[in-house]
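Here is how the chains run, residue by residue.
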Amino acid sequence: MKFLSRPEELVLLAVWRLKENAYCVPIRRQLVKSTGHDWSFGAVYDPLDRLEKKGLLESYLSEPTAKRGGKRKRIYRLTPSGIMALIDIKTISDEVWEGIPLKSLKEEL
Amino acid sequence: MTKKEFKNPPKFAEWILSCFYPDRGYLTSVADFREEYLEVYQSSGPFKANLWYWKQVARSLPGFIRNKGHWNIVMIDNYLKIAIRNIKRNKTFSFVNMVGLIVGMTCFILVVLFVRYELSYDTFNGKADAIYRIYAEFPGVEHLGRSSFGGSPGVMAQTLMDELPEVVSATKIGRHSNTLIKYRDKAFYENGIYADENFLHVFTFPLIQGDPGKALNDPFSVIISQTLAEKLFDHENPIGKTLNFDRQFDLKITGILKDVPDNSHLQFSFMVSFATLTVNKRALESINHWDAYMYFTYIVLPENYELKEMERKISVVANKYAREIMELDGTIYRLQPLKKIHLHSNFNNEIAVNNSDIKYIYLFAVLGFVILVIACINNMNLTTARASKRAKEIGIRKVIGTKKEQLFTQFIIESFALIVISSFIALVWAGCLLQWFRGFVNRDIEIDLFQNMDLMALLVGIVFFTGLLSGSYPALFLSSFRPINILKGNYNSPSKGTKFRNILVITQFSVSIILIAVTLIVFNQIKFMMTADVGYKKDHIVVLKVRDPEARQQYTAIKYRLLQHKNVTSATSSSYLPSEVLNQRTPTIKLDNGQEVRISIAEVMADYNYLDFFQIKLIRGRNFSKEFSTDEKEAVIINETAAEQLGWEEPLGKDFHDYGKVIGVVRDFHFLSFHHRIKPMVFKLSPNNNFFISVKIKSTEIPETIAYLNRVFDEFSADHPFIYEFFDELYYRQYQSERQLGSLLGYLAGLSIFIACFGSFGLALFEAERKTKEIGIRKTLGASVSHIARMLSREYIKLFVISSLIAYPVVYICMTQWLQNYAYRINIGWLPFVGATVIAIVLALLTVSFQTLRAANANPVDFLRYE
């Protein structure tokens, strides 16, 4: 399979974590919280669009809410191949990181 | 904060974002921003939230440019390159196309400038939207076709301020025109006004010197304009100086006014304090009379005040003070917004002639637009006609993967390139023609692009509009070619687009024929009015205007002196000239059956020889005569219409109110312009004290004679400038607006046919090119040159017939309507219609024939060999 870019990976994971509530606003918050960077909306839309094009995500529109000025939310969820991709990522990175403790990396600084 | 109070982000920012993130129609991304915004708003307040939002906009920008803009820019660069190359390669095409566009746009820019100027009248006033003028309407007194008076009583302003608290402010002004102003040895005639102390608060006329709060408070104070101040005083400070007005009053200068802008309906070079007027007892009386509608009242109302309501209140107040007069005159007071006065008001007794009419503005705007559209049609036609030349390029582009929208963009950009270039040239042209144009419309119009951003925006708007209008159809047409057909090499669908092109050509020529026919009819009517028998003679007559009341009294002596010159054959005096009798009386007259009626009648004070002088024909009774000493007191001469309206079979000897007895009847003559029916009129004998002295002179040595008249005039009225006019010129001036309309239509008709012919020239060019093979084959088979030429022109004749059929009814309906304005008018007849078609056909065929003949004359071998 093709490798995903790092932002794509993070977004994909965030969508999986948020389950039913996976639309742009919480996704962005999730990313900000876990990476400590201030992600712009554009930086979230881009990977979302790409992932959707690759068929790893699918999206649907929720009912409009007053809080959003009567606009709908675009809610994302993983497709089976999206879950496959997550599994791949997890497997690969676990394998790559095998036996490397964080402590020894920090010591080299 | 309760949950329901949702705050919205800045609208503009939100709009930008919605452009950056087009979201398949649901705008979910903008809603994402809004949700986050709300979060920030609740935690850090509105300022931080807005800041955050704008930051988001800024952060979204680079991505947007990267994603969307970059490739577009690269492509636009390419499109422009191709466009410029195409313009260069097809010189004839570009030239024909651009000339049309330049002419059309120049014309439209000038029209826009003019319309904009006309609409700008009085807008410089800070309170322009809140100021209203009170005018008086008299139902049932429709003399001269107008039943409204621009004026109102002098007491109105103060009374309304006292009685109605909702009237924010009110001011009254009075006429003070043609005033002789003297300072030491300098004297000028100037037009000014009386203005009360509120005037400078209501209107925005800034003072350069003097205190606007006090300058008009005291009697005998005057504010003069900067120009007048410069004329009267070279380097002295004018403040505090004394000017002599009309040899009667000495007024002290209390302020200097910045010159009144040209786009003000009030035009004056000085303002005399209203208090000056009230010192005079007779004037004070006229101010306090509720039936003297000779002052002008302007009031300031609160915003959005209901006008009808105010009108009702005013009439309540007027009824309270002057019930009898209101009932007798049947007066209805109405309000008119300040900004409408210039274009919508043409009442009796206006403070100044509003020589503009909203109808003409509309006409002007529409015609300017039509010319632009004709130019756009040229561009459309030429571009589509040339399609076959671009077909291969389009095919290749499509095969490589260009989308239809991209091709559309490309051709739109090509149109724009042409139009932008044309519009720059048009702007330069407009600048060059401005001087002439100012004289033509008699307005002081400026092109000051950098000071008027709105004008700049307007011009950009015109460019965009023209680009879209003329570019969209060809772009749509060209981008929809099917590449497979083109590249297989069988792109030769001559019928493709021809139908639409023909419709466009028909539109162009219909418009041209309409304009030509309308012009011809207007010219006919003007010619009729200029040459028709009006019932009096107007040649070789010089008219002197006597402003000086003392000189008027010395008429007999003046006349004696005038007649001493060998070139002066006769002289007469009158209160009005026979071409324009404007005053109206309403005497009560006893009819034969004993009934008394009030009749509205025009009245002229005349010398004994008035009728002979103007050769007005007497059909009954006798003229005024010195043999009857009673004539001066109790004799009147009436016209046929008066006799008829009063039902007098035998008018002679009848009592005419307290004017006297009827001694004669004159044949009807046109004492008003041809707009109006001939109305009843009455002559009274009164040689002295008349405004006009008319002098009949021989047609030789005219300058010397005029100089003599001047000398005589100066003997009697040295202080007043000598003002003379030729009677026939004065007569023609009555129809100035018609003549202006006529020449305007003439120009526009000329332009439209010019552009249309230019367009058909271009079309013929491509037509001939496309039919090259056909012409070659026909010629080898033995067709003659004239046969070929006829074949190529036949199409055009067909288009002309259709255009004419469309144009005729339009012209007929419009012009019948227009001629209703004239009580005496021409029959339209068939000549203008046929004339218009013939002119259009001849001009178009002349331009086209150049091309067709060239095609027909060419050697067929040259065409056929290239196969």
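Residues numbered from 1 in each chain as written. Chains lettered and ligands numbered in written order. Predicted model: local features only at pLDDT ≥ 70, side-chain atom pairs only at ≥ 80, totals over all residues. Heavy atoms only, no water.

*Asks:* How should the overall build of chain A be read in this particular structure?
*Replies:* Looking only at helices and strands, one finds five helices and two strands in chain A. Scanning chain A from its N terminus toward the C terminus, one meets helices and strands in the order α-α-α-β-β-α-α. Expressed as a percentage of its 109 residues, the buried residues of chain A come to 35%. Long-range pairs, those at least 24 residues apart, make up 47% of the contacts in chain A with a sequence separation of at least 6. With an accessible surface of roughly 6900 Å², chain A has 58% of that area assigned to carbon and sulfur atoms. (Helix = DSSP H or I, 4+ residues; strand = E, 2+ residues; numbered from the N terminus. Buried < 20%, exposed > 50% of the residue type's maximum accessible area, 1.4 Å probe, protein only. Contact = heavy atoms within 4.5 Å. Areas by Shrake-Rupley, 256 points an atom, 1.4 Å probe, with all protein chains shown as cover.)

*Asks:* I'm lost on the confidence of the model for chain B in this one. Help?
*Replies:* Close reading of the predicted structure is inappropriate where its pLDDT is low. Residues and elements named next belong to chain B. A residue-level look at chain B finds 94% of positions with pLDDT of 70 or above and a mean pLDDT of 83. Mean pLDDT per element in chain B: helix α28 (residues 860-865) is the minimum at 69, and strand β10 (residues 296-300) is the maximum at 91. Interface scoring of the predicted complex returns ipTM 0.80; its pTM is 0.72. (pLDDT = per-residue confidence, 0-100.)

*Asks:* Could you clarify how one ought to interpret helix α4 (residues 80-97) of chain A in this entry?
*Replies:* One full turn of an α-helix is made of 3.6 residues, so residues set three or four places apart face in the same direction. All names here are of chain A. Between its first and last C-alpha, α4 extends 26 Å over 18 residues, near the 26 Å set by a 1.5 Å rise per residue. Taken together, the buried positions of α4 are G82, A85, L86 and I89. Here the buried residues of α4 occupy an arc of 100° about the axis, which is enough to place them on one side. Those residues of α4 that are exposed and angled more than 90 degrees off the buried face are P80, M84 and E95. Buried residues belonging to α4 abut α1 (6-18) and β2 (74-78). The positive-phi residue at the C-terminal boundary of α4 is G99, with phi of around 75°. (Expected span 1.5 Å × (residues − 1). Arc of directions from axis to C-beta.)

*Asks:* Sorry if this is basic, but what is going on with the interface of chain A and chain B here?
*Replies:* Much of the literature gives interface size as the accessible area that the parts lose upon coming together. Taken together, the 23 residues of chain A in the interface contact 21 residues of chain B. Buried area between chain A and chain B, summed over both chains or domains, comes out near 2000 Å², and the portion from carbon and sulfur atoms is 50%. The interface formed by chain A and chain B includes four salt bridges. The partner of A:D38 in a salt bridge is B:R59, and the shortest N-O contact between them spans 3.0 Å. Viewed at the interface, chain B and chain A are joined by five residue pairs in polar contact (both at pLDDT 80 or more). Those elements that provide at least two residues to the side of chain A that touches chain B are α2 (24-35) and α3 (41-54) of chain A. The dominant element in the side of chain A that touches chain B, judged by the number of residues it contributes, is α3(A), at six residues. (Buried area = accessible area lost by both parts, 1.4 Å probe. Salt bridge = Lys/Arg side-chain N within 4 Å of Asp/Glu carboxyl O. Polar contact = N/O pair within 3.5 Å; in protein donor to acceptor, adjacent residues only side chain to side chain.)

*Asks:* Even after reading the chapter, I still don't get the nonpolar core, so can you show me in this structure?
*Replies:* Most often, soluble globular proteins have nonpolar side chains that are buried together. Residue and element names in this part refer to chain B. Formed by 141 residues in total, the largest nonpolar core has its most connected members in F614 and F683. With 18 residues, the single largest contributor to this core is helix α3 (residues 91-119). Excluding anything up to four places from it in sequence, F683 contacts V604, A606, Y610, L611, F624, A635, V636, I637, V666 and F669. (Core = buried A, V, L, I, M, F, W, Y, C linked by side-chain atoms within 4.5 Å.)

*Asks:* Is there a simple way to explain the packing of helix α16 (residues 498-531) of chain B against helix α24 (residues 736-770) of chain B in this structure?
*Replies:* How two helices sit against one another is set out by the angle between their axes and by the gap between those axes. Residue and element names in this part refer to chain B. Between α16 and α24, the shortest axis-to-axis distance is 8 Å and the interhelical angle comes to 155°. By the angle between their directions, the pair α16 and α24 is classed as roughly antiparallel. Here α16 and α24 pass one another in a crossing that is left-handed. Residue composition of the contact of α16 with α24, by class: 16 nonpolar, eight polar and four charged. (Axes fitted to C-alpha atoms, helices over the stretch in contact; angles between N-to-C directions. Parallel < 35°, antiparallel > 145°, perpendicular 65-115°, else oblique. Left-handed = near helix turned anticlockwise from the far one by under 90°. Nonpolar A, V, L, I, M, F, W, Y, C, P; charged D, E, K, R; others polar.)

*Asks:* So what exactly am I meant to see when it comes to the side chain of B:Q410 here?
*Replies:* Residues and elements named next belong to chain B. Looking at where Q410 falls in the secondary structure, it is placed in helix α13 (residues 404-441). Of note is the side chain of Q410, whose polar atom sits 3.2 Å from the side chain of R397. Here Q410 is in contact with Y79, I82, R390, E393 and R397, once residues within four sequence places are set aside.

*Asks:* What should I look at first to understand the packing of α13(B) against helix α14 (residues 453-479) of chain B in this one?
*Replies:* Residues and elements named next belong to chain B. Running from amino to carboxyl end, α13 crosses α14 at an angle of 140°, the nearest separation of the two axes being 7 Å. Of the possible angle classes, the one that applies to α13 and α14 is oblique. Relative to α14, α13 is oriented so that their crossing is right-handed. Taken together, the residues that form the contact of α13 with α14 break down as 15 nonpolar, eight polar and one charged.

*Asks:* Can you walk me through the pattern of salt bridges in this structure?
*Replies:* For side chains of opposite charge, pairing can occur when their charged atoms come near one another. Residues and elements named next belong to chain B. Enumeration over the complete set of coordinates arrives at 35 salt bridges over all chains. Notably, a salt bridge pairs E163 with K320, separated by 2.9 Å at the nearest N-O pair. Of the two residues, E163 is situated in helix α4 (residues 156-163) and K320 in helix α9 (residues 307-329); the sequence distance between them amounts to 157 residues. On the basis of relative accessible area, E163 is assigned to the partly exposed category, the value being 26%.

*Asks:* Any chance you could explain the packing of aromatic side chains here in plain terms?
*Replies:* For any pair of aromatic rings, the description rests on two quantities: the centre-to-centre distance and the angle between the ring planes. Applying the stated criterion across every chain, the model contains 56 aromatic pairs over all chains. Here A:F41 and A:Y45 contribute two aromatic rings whose centre-to-centre distance is 6.1 Å and whose plane-to-plane angle is 25°, an arrangement assigned as stacked. Here A:F41 and its partner A:Y45 are both found in helix α3, four residues apart, which amounts to about one turn of the helix. With respect to burial, A:F41 and A:Y45 carry one shared label: buried. The ring of B:F274 has B:K172 lying over it, and the distance from NZ or CZ to the ring centre is 4.8 Å. Lying over the aromatic face of B:F628, B:R622 brings its terminal NZ or CZ to 3.7 Å of the ring centre. (Phe/Tyr/Trp six-rings, centres within 6.5 Å; stacked < 30°, edge-to-face > 60°. Lys NZ or Arg CZ within 6 Å of the ring centre and 35° of its normal.)

*Asks:* Help me out: how do you make sense of the environment of B:A840 in this one?
*Replies:* Residues and elements named next belong to chain B. Within the secondary structure layout, A840 lies in helix α27 (residues 831-857). You can call A840 buried: its relative accessible area is 0%. In this structure the C-alpha to C-alpha distance between A840 and C107, which are 733 residues apart in sequence, comes to 20 Å. When neighbours within four sequence positions are excluded, A840 is seen to be in contact with I513, I516, I753 and F800.

*Asks:* Got a minute to help me understand the environment of B:R482 in this structure?
*Replies:* Assignment of secondary structure puts B:R482 in the loop between α14 and α15 (483-487). Judged by its relative accessible area of 56%, B:R482 falls in the exposed class.

*Asks:* Help me out: how do you make sense of unusual backbone geometry in this one?
*Replies:* For residues besides glycine, phi is generally negative; the peptide bonds are generally trans as well. Residue and element names in this part refer to chain B. For F220, which is not a glycine, the phi torsion comes out positive at approximately 60°. On the secondary structure map, F220 appears in the loop between β5 (207-209) and β6 (221-225). The phi angle at E701 is positive, at roughly 50°, despite the residue not being glycine. With respect to the helices, strands and loops of the structure, E701 is situated in the loop between β23 (692-697) and α22 (702-716).

*Asks:* Just checking my understanding: could you explain the side chain of B:T384 for this structure?
*Replies:* Residues and elements named next belong to chain B. Along the chain, T384 falls in helix α11 (residues 358-385). Given a relative accessible area of 4%, T384 falls into the buried group. In this structure the side chain of T384 is engaged in a polar contact, spanning 2.9 Å, whose partner is the backbone oxygen of M380. A distance of 3.1 Å separates a polar atom in the side chain of T384 from the backbone oxygen of N381. Sequence-distant contacts of T384, that is, excluding residues within four places in its chain, are made with Y473, P474, F477 and R501.

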